[in-house]
Amino acid sequence: MEDVKRSPADAMQDCWMAALLTAAACAAGAVAVLMRSIRRHREAKEKIQKARDRRTESLQRAEEAVLRYKEAHPSTELTPILKLSLSELTKQLHDGSLNPEDVFYAYMEKTLAVHEKVNCCTEILLESFDQLETIGSNKDGLLYGVPVSIKDNYGYKGHYSTCGALIYLDEPVQEDAVLVQVLKKQGAIPIVKTNVPQGLLSYDCSNPIFGQTLNPHNLQKTSGGSSGGEGALIGAGGSLCGMGSDIGGSVRIPAAFCGICSLKPTAGRLSSQGVRPFFRGQKSVPSTTGPMARDVDSLVLIMQALLCDHMFSLDPTVPPFHFNMQMYQSTKPLRIGYLETDGFQQPSPSMTRAVREVKALLEQAGHTLVPYQPLRVEAAFEMMLQGLFADGATTLLQKLSRCPLDPTLKRQFFPYRLPNWLKKTLSFLLKPWLPRVSTALRVLCGVGSVSELWKHHAAGEDYIKDTIAHWRRCNIDVLLYPVITPAYNLLYCGKISTIITQTMLYNLLNFPAGVVPVTTVTKEDEEELKHYKGYYQDMSDKYFKEVSNTYQGRSSD
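Residues numbered from 1 in each chain as written. Predicted model: local features only at pLDDT ≥ 70, side-chain atom pairs only at ≥ 80, totals over all residues. Heavy atoms only, no water.

1. So, the side chain of Asn215
Position of Asn215 relative to the elements: it lies in strand β6 (residues 214–215). Judged by relative accessible area, Asn215 falls into the buried class, the value being 0%. Of the polar contacts made by the side chain of Asn215, one reaches the backbone nitrogen of His217; its length is 2.9 Å. Only 3.2 Å separates the side chain of Asn215 from the backbone oxygen of Thr222, close enough to count as a polar contact. Excluding anything up to four places from it in sequence, Asn215 contacts Val118, Lys221, Thr222, Ser223, Phe257, Cys258 and Ala487. (Helix = DSSP H or I, 4+ residues; strand = E, 2+ residues; numbered from the N terminus. Buried < 20%, exposed > 50% of the residue type's maximum accessible area, 1.4 Å probe, protein only. Polar contact = N/O pair within 3.5 Å; in protein donor to acceptor, adjacent residues only side chain to side chain. Contact = heavy atoms within 4.5 Å.)

As structure tokens, then:
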């Protein structure tokens, strides 16, 4: 009995030993976590540096090739080539008055110069030099000899489609995207891949791998996103045309910010095979591929080239309908709805003026313009966000978990990481004063179950059906609407999500939509902006006023 008796000192010693072992285990765990964090940080830095080294090497090799060509052809003047429109260029290439080599090196030189100014390229496609050698075999192609640019997420064999994130730096793509194959078949030469925001779900254009792309017209502004590298390169004259993708305005916003044209076709009109989304499976807000160019005629020629039997053969899921030139060239007067504001996010004064100016021009051309107001925009805003983040942003955060987060996204991503109980609590408390913030926080909790997801899909289908019926009641053929402009200051895009209703609405509806440049900001626009209040007078309206200031001379589309 005495053997099992223990003194208080022995008991105290055991407690101290247990505490010491617990502390040691915690310390060991903390060290393990720290070491793993250090290892991940080191691996991330190594991946980023390798990607940057690949880009640097490709830029240097391209620059050396351009210098060799110019030395071998001292009497060749390349600059006039850059002034030709796409239709003029293709005509001269086909009739032999221009040779593909001069055109190729003119645009390669210009691409390198533009990149040095605005940081728009992720890699020069050095295989393009080899393609140039055999380009004569595609002389019948509509884009014979035309250098083109492609967004980073377009698959190109042997190269990376990074989406601005480290997770896709592990293996290069094994096959060209279908549209890249079609471009080559039509005689086009993809020469460069262009920059994107980290994860693609931003209308800025910056990532930890390749950095920030700047607006070619004002280096204090962003080029827009997510096809921002394309917008900057084309807007600065480094590319005649290129290919982007659009899930919420991603070809239209950069076009608006950089003063060019773009088209978001109906989803499925062009192939998306081999074009990487940041995460797959989201169906509520369809993403689509689309062209970007200096003018509308160029967009038409690109669509004619892409909508061909070769694409229909490579991707049988695309309906085999060629471009309808008869409809495009029709002079029949149209009944056009016009929209100055959706009643959810008040546009800038320059944007409102741009819509009114185009309305007047269309009326002078013999068309009928009637006012139009979209249905239930607040509900549509909720459906858009709920569709994109039906999983509560879990997949997005998982794919970025081993990446340093880009500074442009920190404000945008902050609520994504909050626990659901806190999102719901904040949503409830903020609803009377900040209803748009309240809605965003609530939907960021995710849909919760498969049955709720089905209800969400059904609500989207009903919204499309109701909108089509509304269009028919208004008896309109097409809609004139504002897009997000002018270009934003750096680091502001992540602060204003409400503005996406002006572009993402047409992804939710799966309607085709495009952007054309119209005018530039005036002193009068800036003076009127001083009185801007917005419809909700919340943080988004405050930031929008700040970001829309001091833009005299920038484009409104």
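2. Structural notes on the pattern of salt bridges
Taken as a whole and assessed by the stated rule, the structure comprises 17 salt bridges. As a salt-bridge pair, Glu382 and Arg442 come within 2.9 Å of each other at their nearest N and O atoms. Taken together, the positions of Glu382 in helix α12 (residues 377–388) and Arg442 in helix α16 (residues 435–443) put the pair 60 residues apart, joining distant regions of the chain. Take Glu382: its relative accessible area is 22%, and that puts it in the partly exposed class. (Salt bridge = Lys/Arg side-chain N within 4 Å of Asp/Glu carboxyl O.)

3. Here we look at the UniProt feature "domain: Amidase" (unreviewed entry) in the protein
Taking the UniProt record as the reference, the feature "domain: Amidase" (unreviewed entry) is found at residues 105–526. With 38% helix and 14% strand, the stretch residues 105–526 has end C-alpha atoms that lie 41 Å from each other. (UniProt positions renumbered as here; feature names shortened; annotations may be inferred.)

4. So, the nonpolar core
Counting residues in each nonpolar core, the largest one holds 73 residues, and the members touching the most others are Phe278, Phe389, Leu396 and Tyr488. For this core, the secondary-structure elements that each account for two or more residues are α1 (8–72), α7 (252–258), α12, α13 (394–399), α16, α17 (450–474), α18 (501–508) and α20 (539–547). A domain split of this core shows at least three residues from each of domain 1 (43–323) and domain 2 (349–390 + 447–548). Apart from the residues lying within four places of it in its own chain, the contact partners of Phe389 are Leu201, Leu396, Tyr416, Val443, Leu444 and Gly446. (Core = buried A, V, L, I, M, F, W, Y, C linked by side-chain atoms within 4.5 Å. Domains from an automatic or database assignment.)

5. Thoughts on the pairing of strand β3 (residues 189–194)
Summarising burial for β3: six of the six residues are buried, a large majority. In this structure, strand β1 (residues 121–124) lies alongside β3, joined through three bridges in antiparallel fashion. By the bridge assignment for β3, Cys121 is matched with Thr194. Across five bridges, strand β2 (residues 147–151) lies against β3 in parallel orientation. Counted as the bridge partner of Val148 is Pro190 from β3. Handedness of the crossover is the feature at issue here: the chain leaves β2, passes through helix α5 (residues 178–185), returns alongside β3, and the resulting connection is right-handed. (Pairing = 2+ DSSP bridges. Right-handed = clockwise from strand over helix to strand, strands pointing away.)

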